[in-house]
There are 8 protein chains.
Amino acid sequence: MSTKSLAGALLAAATAAVLAAAPAAAVDGPPTGATPGSKAGAQGSVYRDTHVSAATATKMLAAVLAAAEGTDRVSAAIVDRNGTIIAKVRGDGAGPLSVDSAIAKAKTAAHFCRPTSEMAGVVEGNPRLADIPGSLFLAGGVPVPGTPVCLAGIGVGGAPSGDTDEQYARAGLAEMGGGGK
Amino acid sequence: MSTKSLAGALLAAATAAVLAAAPAAAVDGPPTGATPGSKAGAQGSVYRDTHVSAATATKMLAAVLAAAEGTDRVSAAIVDRNGTIIAKVRGDGAGPLSVDSAIAKAKTAAHFCRPTSEMAGVVEGNPRLADIPGSLFLAGGVPVPGTPVCLAGIGVGGAPSGDTDEQYARAGLAEMGGGGK
Amino acid sequence: MSTKSLAGALLAAATAAVLAAAPAAAVDGPPTGATPGSKAGAQGSVYRDTHVSAATATKMLAAVLAAAEGTDRVSAAIVDRNGTIIAKVRGDGAGPLSVDSAIAKAKTAAHFCRPTSEMAGVVEGNPRLADIPGSLFLAGGVPVPGTPVCLAGIGVGGAPSGDTDEQYARAGLAEMGGGGK
Amino acid sequence: MSTKSLAGALLAAATAAVLAAAPAAAVDGPPTGATPGSKAGAQGSVYRDTHVSAATATKMLAAVLAAAEGTDRVSAAIVDRNGTIIAKVRGDGAGPLSVDSAIAKAKTAAHFCRPTSEMAGVVEGNPRLADIPGSLFLAGGVPVPGTPVCLAGIGVGGAPSGDTDEQYARAGLAEMGGGGK
Amino acid sequence: MSTKSLAGALLAAATAAVLAAAPAAAVDGPPTGATPGSKAGAQGSVYRDTHVSAATATKMLAAVLAAAEGTDRVSAAIVDRNGTIIAKVRGDGAGPLSVDSAIAKAKTAAHFCRPTSEMAGVVEGNPRLADIPGSLFLAGGVPVPGTPVCLAGIGVGGAPSGDTDEQYARAGLAEMGGGGK
Amino acid sequence: MSTKSLAGALLAAATAAVLAAAPAAAVDGPPTGATPGSKAGAQGSVYRDTHVSAATATKMLAAVLAAAEGTDRVSAAIVDRNGTIIAKVRGDGAGPLSVDSAIAKAKTAAHFCRPTSEMAGVVEGNPRLADIPGSLFLAGGVPVPGTPVCLAGIGVGGAPSGDTDEQYARAGLAEMGGGGK
Amino acid sequence: MSTKSLAGALLAAATAAVLAAAPAAAVDGPPTGATPGSKAGAQGSVYRDTHVSAATATKMLAAVLAAAEGTDRVSAAIVDRNGTIIAKVRGDGAGPLSVDSAIAKAKTAAHFCRPTSEMAGVVEGNPRLADIPGSLFLAGGVPVPGTPVCLAGIGVGGAPSGDTDEQYARAGLAEMGGGGK
Amino acid sequence: MSTKSLAGALLAAATAAVLAAAPAAAVDGPPTGATPGSKAGAQGSVYRDTHVSAATATKMLAAVLAAAEGTDRVSAAIVDRNGTIIAKVRGDGAGPLSVDSAIAKAKTAAHFCRPTSEMAGVVEGNPRLADIPGSLFLAGGVPVPGTPVCLAGIGVGGAPSGDTDEQYARAGLAEMGGGGK
């Protein structure tokens, strides 16, 4: 094989590798040429997406607890973009409302891909937003960034103030480091 | 660059491309070099997986209804490997137990990556399996294949026999065609 | 108007009347000429069905209570083919399990369009049927007949034996008289 | 037959046809002559109504997804007037709150037979309306028209604004075309 | 026996008769002489109370439906002081939110022993009352009077206005006539 | 007043007292003369029944705990004939399944008015009984006697054997002493 | 043994006794020397905490009922810091909303370690607090003090005013006396 | 200080230290001298117990995931003796039934303080045990030992066999090391 075609093949392979490794939740459209709705030869499309791994989620929980250790008693949850709870923990001596609070904050952050602390103003303008089942527009939830949409939300509940809850949530988020692409 | 090293590089690139394009739910291990548990420089790991797309799921529902049309009144559900319901439909005049039956069959097929009709024998040997919350070991649920693990389950309920339910579920599955990569 | 065209008009009107008055849960296929899936000119199809009226359902409850009066303390429920509870009553002094028992029997009768007393043998041959969420294969539930599928189920719970429960359920069913068309 | 009696018969048939073809949820009163509460000779009354067919509901889901494709990630639900979910879908990458939001909007639209966007002003005047279990007074829900009462509600959740959700819901509604009679 | 002792005996008997016949939910204190907490010779105390009978409850449902017939499509519920649903009905074509609305209004009326229409002002002064789980401070719920505390609540939901719902609820209440002692 | 009429008055008063004090759950039929279903002059009927008082229920809980003290760690519940939980307690260090077990045993005992230990044989003959929602046919539940039907059930869960649970339940039942009239 | 070493031993023993007897929910850090995350030789840490005993909880219920006896009909609940219900009772004739109200007030008091009556002002400043699942910011809940965090909450519901509910809750709290260490 | 009194003080301190350090869930009886039920001077009793710390629980989750890594896809839960979930995680690509399975196994192990694998034989002899709400008698749950009662249960679900689930659960248990005192 000539160097030129080998280089071309290498380039093609590299391009393929880059495309395949597209990190974020890119939707694969239907295979080219397939006519929506026609069965003959159609191939169902799949949707590929990215999630915080379970191992990382447990690290996030540990990081939240460590950040709060000796100061506050909190609970934490990491909720996937799809609504499932990846992991959660009830902190030692954390209040009875702390777990459900953490879950709802995580869900809300994962839904709007914004910290719940930022959403407060939005809700003031439209109180009906707070009626969305499963939501909680209190500081303490932060999104895990991703492309094109956030991957998950981390929620913390039980500290005396929501801003402190958010502080601990960000300690958990730090476990993603530069990851999550 | 020598041909040998170029070939080696090409092989490496091709391998990387193949690995990166592995369609099914391959787990990305932590970035090389990261020491589990050490925060400094660590990157949280992500988990990439594949799902039946929402558009395909609605086609599956339509296919199930079309297959049963004029003969039976059934309901159907497509449940993701992660437990979420991607889509569901209550058929016209389908029985009151048909939807929850379809969901549970779909979940069970998605969990064991086997048709529920095949699981009956397994449960006979271990009746306690039937106590697993959310499970239903009745024919009518089939997995949507994937690598290395199935992507979802399609469940149908309401036909006079579970084998007929399964027949309709497979009509839905046919919408995946050669897809699901 | 000529006799011939009048007769034709009469025939057309009669046909329309007959079609429109199709009593049971006949599915109206899409308007003739519409191609499934094509939007241009398509009309969504509707499904017409028949239900036990709310007023009749309350009479059924009263009939069940009257039948049991002085002998047994029972609860009763009428559950629609679609799974909704049309009406229910907790009898005076009826046992704590009687209402949920009545509902589940009604659902089961409405699903299989058979008295639950008849289903016992079926379940013995396939114990997994009893795992269907919401089902209860105990005597006391009877279907409300209809065409082409039963309209609802009447369930009664709380009598010392399921056969007695069924007796009371049939007293409720008698309120349909020759109705249900 | 004389012209007069033929005309009379025609009129009768036409009237019957009109009455029988009353498209929406007309309640059949008890058979004439039946005395409420008297069992002898009474016929239970039935209630006939009209529903969005399951097949059409799946088309609606597909239409919503298609309308949002490439722009927003949404979920959708069609909820029957009687409260049952006819069909629902979780869109690819749609937020964790999107499904329950869609369901509640659909229910609310189906209950008031008005778009939820119109209800906001009503709720402002009576905030207690927002406490109705299962309701959500946020734009994104539209009724499926019918006579004398709407047939169902279509709800969409997950777009950045409720007005956009409503836009997608109307794309789903378009599947009814001129249907719904 | 002397007149004096006979009169005394008569007075004692009359007093006993009056006390024993106290119709409403009078609490029987522990038998005289029993020391609270001491087991020897103690008799557990019982609490006697009064309920709307099941038969009357079904009549109430029928009365509500009859009152609304031809005008509105409503659902109704009678909820006991103890929180159990004595009876409920989903009206023909009533909205999807109507049943849960009726139940919550009934519960609220039974809890405060006041029509829910009257409670609106109270809630305005203390919005947190509306957070009480299971409550709904919307017109449409009325108490069934009793002594010393109301027996139950009747709730109606689905009419265009809560005041109309209340009107229908009162039609149901009329079934108590002079009863409820 | 003459002795004779005084005696007669006394007798009348005594009879009234006896009748009014009829202890058990006697159903008051509709007032004599009222025609079922006719509104004019009808009086709704009420149902009077007897309950374990709340104060006695707390004593029962204490008695169960005291009986088990130092030997076993159990939880207990007293469930009313109408299905409501009158009182319950989670014992110190009692197992995670103990409370729901106690509640279900109490409900089952209150439903059949028999100790759950006696029901085991019945269920063996008809396994479908065990499918009744909310039931648990394990020793540890005993009825609180009453006339004509038991008043409640006391359930205990968490001891190594159900017979021991029943032993503790009977210690609670002893708090009724000769009461329950 | 020399005085010095004896004093040293005494001091060590005294220190150990003080540390071991730290009454409240002191977190035991991992055993000295253990490196977090390293498995070799690591010992999992435990968390010791203090709870209102079940026996005391039943006394609290009795005290609440006794305080309200003859005046109001209330229900009560004692909820542990960890969210479990230690004990609860439905008072004779207490309203249908009273139990869930008591539980939510208890949870809220146990979470913030403050009487719910005090929290009203806080919620006015941040209405979103009232959206925390399971919370109820109405007077009637009081914390059971402890160190470093409250042990539980006692909630009462059903009196005409929340302040009266709180009064009864404090009667229950008095059962702790000087306890709770 | 004399040797004798010093020795006595030392003995007292040592005794206090021993008593205070009683590791397991010892119930503190009421303070000596307090008469049960008498309010004057009574002190409520407290119950001290020991829990797996939140930090350790997260390590357990990580250990389970690490043990299964590359072989199986599992979920895990640590459930406290009191029934609360201390922590849980859904493994990457773990089946839809795996989380609820893990929770139920953990609860069952924590209730009986025995591995669920050992309980299978017990259930065979008494099938009604499997009806206990929340239980699951499938291998995969192991108790965390403690004195006098186990502290918690660790449950794992999703491996092809329950014995493998148990293997992973024991990897989590190993995080307790010699701890749990």
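Residues numbered from 1 in each chain as written. Chains lettered and ligands numbered in written order. Predicted model: local features only at pLDDT ≥ 70, side-chain atom pairs only at ≥ 80, totals over all residues. Heavy atoms only, no water.

## Digging into the overall build of chain A
The helix and strand inventory of chain A stands at five helices and five strands. Going residue by residue from the N terminus, the α and β elements of chain A occur as α-β-α-β-β-α-α-β-β-α. When burial is assessed residue by residue, chain A has 54% of its 181 residues classed as buried. Partitioning the intrachain contacts of chain A with sequence separation of at least 6 by distance along the chain shows that 63% fall at a separation of at least 24. When the accessible surface of chain A is summed, it comes to about 6800 Å², and 58% of that surface belongs to carbon and sulfur atoms. (Helix = DSSP H or I, 4+ residues; strand = E, 2+ residues; numbered from the N terminus. Buried < 20%, exposed > 50% of the residue type's maximum accessible area, 1.4 Å probe, protein only. Contact = heavy atoms within 4.5 Å. Areas by Shrake-Rupley, 256 points an atom, 1.4 Å probe, with all protein chains shown as cover.)

## Some remarks on the packing of aromatic side chains
Residue and element names in this part refer to chain E. For the coordinates displayed, the defined rule picks out eight aromatic pairs over all chains. Plain terms: the ring middles of Phe112 and Phe137 are 5.7 Å apart, the flat faces sit at 50 degrees to each other, and that makes the pair tilted. Taken together, the residues Phe112 in helix α3 (residues 98-112) and Phe137 in the loop between α4 (116-125) and β4 (141-144) connect sequence positions 25 residues apart. For Phe112, a relative accessible area of 26% gives the class partly exposed. (Phe/Tyr/Trp six-rings, centres within 6.5 Å; stacked < 30°, edge-to-face > 60°.)

## A closer look at the pattern of salt bridges
Residues and elements named next belong to chain C. Tallied over the entire structure, the rule returns 32 salt bridges over all chains. Of the charged contacts in the structure, one is a salt bridge between Lys105 and Asp165, with a shortest N-O distance of 3.0 Å. Of the two residues, Lys105 is situated in helix α3 (residues 98-112) and Asp165 in helix α5 (residues 162-173); the sequence distance between them amounts to 60 residues. Taking the relative accessible area as the measure of exposure, Lys105 reaches 3% and is therefore buried. With relative accessibility at 3%, the residue Asp165 sits in the buried group. (Salt bridge = Lys/Arg side-chain N within 4 Å of Asp/Glu carboxyl O.)

## Some details on the sheet that holds strand β2 (residues 75-80) of chain E
With antiparallel pairing, eight strands are arranged side by side in an open sheet as β4(C)-β5(C)-β2(C)-β3(C)-β3(E)-β2(E)-β5(E)-β4(E). Both outer strands of the open sheet, β4 (141-144) of chain C together with β4 of chain E, are each paired with one neighbouring strand and no more. Here the strands of the sheet are splayed against their neighbours by 15 degrees on average, with no regard to which way each runs. Inspection of the sheet shows β4 of chain E paired to strand β5 (residues 152-157) of chain E by four bridges, in the antiparallel sense. Across the sheet, residue Val144 of chain E finds its bridge partner in β5 of chain E, namely Ala152 of chain E. Lying over the sheet, α3 of chain E contacts β2, β3 (85-89), β4 and β5 of chain E, oriented at roughly 150 degrees with respect to β5 of chain E. (Pairing = 2+ DSSP bridges. Axes fitted to C-alpha atoms, helices over the stretch in contact; angles between N-to-C directions.)

## What about the state of the cysteines?
All names here are of chain B. Going through the model one piece at a time under the given rule, you end up with eight disulfides over all chains. Covalently, Cys113 is tied to Cys150 through a disulfide, its sulfur atoms 2.0 Å apart. Disulfide Cys113-Cys150: the torsion about the S-S bond is -75 degrees, which places it as left-handed. Of this pair, Cys113 sits in the loop between α3 (98-112) and α4 (116-125) while Cys150 sits in the loop between β4 (141-144) and β5 (152-157), and the two are 37 residues apart along the sequence. (Disulfide = S-S within 2.5 Å.)

## So, helix α5 (residues 162-173) of chain A
Between the first and last C-alpha of α5 of chain A there are 16 Å, a value that for twelve residues agrees with the 16 Å anticipated at 1.5 Å per step. Those residues of α5 of chain A lying buried are Thr164, Asp165, Glu166, Tyr168, Ala169, Gly172 and Leu173 of chain A. (Expected span 1.5 Å × (residues − 1).)

## Describing the sheet that holds strand β5 (residues 152-157) of chain F
Pairing is antiparallel across the open sheet formed by eight strands, whose spatial order is β4(F)-β5(F)-β2(F)-β3(F)-β3(G)-β2(G)-β5(G)-β4(G). Two strands bound the open sheet, and with one partner strand each, they are β4 (141-144) of chain F together with β4 (141-144) of chain G. Going across the sheet, the axis of each strand differs from the next one's by a mean of 15 degrees, ignoring polarity. Where strand β2 (residues 75-80) of chain G and strand β3 (residues 85-89) of chain G come together, four bridges link them in antiparallel fashion. Bridged to Val79 of chain G within β3 of chain G is Ile85 of chain G. On the sheet, helix α3 (residues 98-112) of chain F packs against β2 (75-80), β3 (85-89), β4 and β5 of chain F and is oriented at approximately 150 degrees with respect to β5 of chain F.

## Some details on the packing of helix α2 (residues 54-68) of chain E against helix α5 (residues 162-173) of chain E
When two helices pack together, you describe them by how their axes are tilted relative to each other and by the distance separating the axes. All names here are of chain E. Orientation of α2 relative to α5, taken along the N-to-C sense of each, is 135 degrees, at an axis distance of 7 Å. In this view, α2 runs oblique relative to α5, as classed from their interaxial angle. Where α2 crosses over α5, the handedness of that crossing is right-handed. Each of Met60, Ala63, Val64, Ala67 and Ala68 in α2 lies in contact with α5, whose residues at this interface are Tyr168, Ala169, Ala171, Gly172 and Leu173. (Parallel < 35°, antiparallel > 145°, perpendicular 65-115°, else oblique. Left-handed = near helix turned anticlockwise from the far one by under 90°.)

## Some thoughts on the pairing of strand β1 (residues 46-52) of chain C
For β1 of chain C, the buried fraction is high: six of the seven residues fall into the buried class. Sheet topology places β1 of chain C next to strand β1 (residues 46-52) of chain D; seven bridges connect them, and they run antiparallel. Within the sheet, the bridge partner assigned to Val46 of chain C lies in β1 of chain D and is Val52 of chain D.

## Notes on the environment of Ala87 of chain E
One can find Ala87 of chain E in strand β3. Exposure remark for Ala87 of chain E: the relative accessible area of 0% places this residue in the buried category. On a C-alpha basis, the gap between Ala87 of chain E and Met60 of chain E in space is 9.1 Å, while along the polypeptide they are 27 residues apart. Aside from chain neighbours lying at most four places away, what touches Ala87 of chain E is Lys88 and Val89 of chain C together with Ala57, Leu61, Ala76, Ala77 and Ile78 of chain E.

## Some words on the confidence of the model for chain A
In the predicted model, chain A carries a mean pLDDT of 82, and 75% of its residues have values of at least 70. Note on residues 6-41 of chain A: pLDDT is under 50 here. Beyond four places in sequence and across chains, it has 45 contacts. (pLDDT = per-residue confidence, 0-100.)

## Things to note about unusual backbone geometry
All names here are of chain A. With an omega dihedral of -5 degrees, the bond running from Thr147 to Pro148 counts as a cis peptide bond. A positive phi angle is found at Cys113, which is not glycine, with a value near 55 degrees. Its relative accessible area of 27% is what places Cys113 among the partly exposed residues.

## Observations concerning the side chain of Thr84 of chain E
For Thr84 of chain E, the position within the fold is in the loop between β2 and β3. For Thr84 of chain E, a relative accessible area of 14% puts it in the buried group. A polar side-chain atom of Thr84 of chain E sits 2.7 Å from a polar atom in the side chain of Asn82 of chain E. With residues near it in sequence (within four places) discarded, Thr84 of chain E still touches Ile78 and Val79 of chain E together with Asn82 and Thr84 of chain F. (Polar contact = N/O pair within 3.5 Å; in protein donor to acceptor, adjacent residues only side chain to side chain.)

## Quick notes on the side chain of His111 of chain A
By the secondary structure assignment, His111 of chain A is in helix α3 (residues 98-112). A relative accessible area of 14% means that His111 of chain A is categorised as buried. From its side chain, His111 of chain A meets the backbone nitrogen of Leu97 of chain D in a polar contact 3.1 Å long. When sequence neighbours within four positions are dropped, the list of residues in contact with His111 of chain A reads Arg81 of chain A together with Gly95, Pro96, Leu97, Ser98 and Gly158 of chain D.

## Quick notes on the environment of Ser101 of chain D
Within the secondary structure, Ser101 of chain D is located in helix α3 (residues 98-112). Judged by relative accessible area, Ser101 of chain D falls into the buried class, the value being 6%. Sequence spacing of Ser101 of chain D and Ala55 of chain D is 46 residues, and the spatial spacing of their C-alpha atoms is 23 Å. Non-local contacts of Ser101 of chain D, meaning those with residues more than four positions away in its chain, are made with Ile132 of chain A together with Leu136 and Gly157 of chain D.

## A closer look at the environment of Met176 of chain B
For Met176 of chain B, the location among the structural elements is in the segment after α5 (162-173). Discounting residues that sit within four places of it in the chain, Met176 of chain B has contacts with Gln43, Gly44 and Val46 of chain A together with Val52, Thr56, Met60 and Val144 of chain B.

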